Amino acid sequence: MERSCTMMISSSRLLLKPIDLEWGNELIITTTVGENWPSNALKSILPFYLERLEKDEKEFGFGPWVVMDKSSGRIYGNIGFKGKADKNQQVEIGYEIILEYRNKGIATEAVGLLCRWAFEHQIKKIIAITLKDNKPSQQVLLKNEFEKAKQDNEIIYFRKINFQYKSVSFIN
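Residues numbered from 1 in each chain as written. Predicted model: local features only at pLDDT ≥ 70, side-chain atom pairs only at ≥ 80, totals over all residues. Heavy atoms only, no water.

A. Highlighting the pairing of strand β8 (residues 155–161). Because side chains alternate across β8, one face comprises the buried residues I156, F158 and K160, and the other comprises I155, Y157, R159 and I161, none of which is buried. Inspection of the sheet shows strand β6 (residues 125–131) paired to β8 by seven bridges, in the antiparallel sense. Looking across to β8, one finds that A128 is bridged to F158. Taken together, the four bridges between strand β7 (residues 147–151) and β8 define a ladder with antiparallel strand orientation. Residue pairing in the sheet places E147 in a bridge with R159 of β8. (Buried < 20%, exposed > 50% of the residue type's maximum accessible area, 1.4 Å probe, protein only. Helix = DSSP H or I, 4+ residues; strand = E, 2+ residues; numbered from the N terminus. Pairing = 2+ DSSP bridges.)

Rendered as structure tokens:
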């Protein structure tokens, strides 16, 4: 299910493509495109994302993206934001890599690419939420220079600030 899309992010090994209306509607009714993808989690959020996208084209890029192998087109999973920025220019990132492709640096690389894209689009802060016992996800965030903002009994909240907007204080 190859898609032509003018908006893409790439590295030497990964290609990230945002899901558009046509592709999203196909994914909702598709059982699977590749190995265990799309997940039920992605399929459950797609109707809400597509509804927002249909009403506001500026949502494009601030929803789900597909994470693919740049040379083969193999789908590794998905990543994305949970909607466009709020009034503080903040977005929340989430990601899901197919089990057999985990622990290969794919999530770490994809998070880095999407964070860079967001900061280039005037996002001031990216937040992420992970379960306290999800150590691999925490490592993905820490490797991408997210910092722990707070935690409760089960959840850790992370944030990454765009240094272009971070206030700087000088000590004499």
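B. Molecular detail of the sheet that holds strand β3 (residues 64–69). Strand order in the open sheet made by the eight strands is β1-β2-β3-β4-β5-β6-β8-β7, with mixed pairing throughout. Whereas interior strands pair on both sides, the edge strands pair on one side only; in this sheet they are β1 (9–10) and β7. Where β1 lies against strand β2 (residues 14–18), two bridges are found, and the strand directions are antiparallel. Directly across from S10, in β2, lies its bridge partner L15. Helix-sheet contacts for helix α3 (residues 106–120) involve β1, β2, β3, β4 (75–81), β5 (90–97), β6 and β8, and the interaxial angle to β4 is about 35 degrees. (Contact = heavy atoms within 4.5 Å. Axes fitted to C-alpha atoms, helices over the stretch in contact; angles between N-to-C directions.)

C. Focus on helix α2 (residues 40–55). Between its first and last C-alpha, α2 extends 24 Å over 16 residues, near the 22 Å set by a 1.5 Å rise per residue. Contact partners of the buried residues in α2: α1 (21–29), β3, β4 and β5. (Expected span 1.5 Å × (residues − 1).)

D. Broad picture of the nonpolar core. Ranked by size, the top nonpolar core spans 45 residues in total, and within it L16, I79, F81, I93, L114, I126 and F146 carry the most contacts. The contacts of I93, once residues within four sequence positions are left out, are I79, G80, F81, V111, L114, C115, I126, I127, A128 and F146. (Core = buried A, V, L, I, M, F, W, Y, C linked by side-chain atoms within 4.5 Å.)

E. Here's a closer look at the pattern of salt bridges. Per the stated rule, a full pass over the model turns up seven salt bridges. A salt bridge links K55 to E51; its shortest N-O distance comes to 3.4 Å. Placement of the pair is K55 and E51 together in helix α2, with a separation of four residues, close to one helical turn. The exposure class of K55 is exposed, given its relative accessible area of 67%. (Salt bridge = Lys/Arg side-chain N within 4 Å of Asp/Glu carboxyl O.)

F. Layout of the packing of α1 against α2. Look at α1 against α2: their axes get within 10 Å of each other, and the N-to-C directions meet at 150 degrees. Our classification of the angle between α1 and α2 gives roughly antiparallel. For the pair α1 and α2, the crossing hand works out as left-handed. Between α1 and α2, the residues in contact are L21, G24, N25, L27 and I28 and K43, L46, P47, L50, L53 and E54, respectively. (Parallel < 35°, antiparallel > 145°, perpendicular 65-115°, else oblique. Left-handed = near helix turned anticlockwise from the far one by under 90°.)

Nothing here speaks to function; it is geometry throughout.
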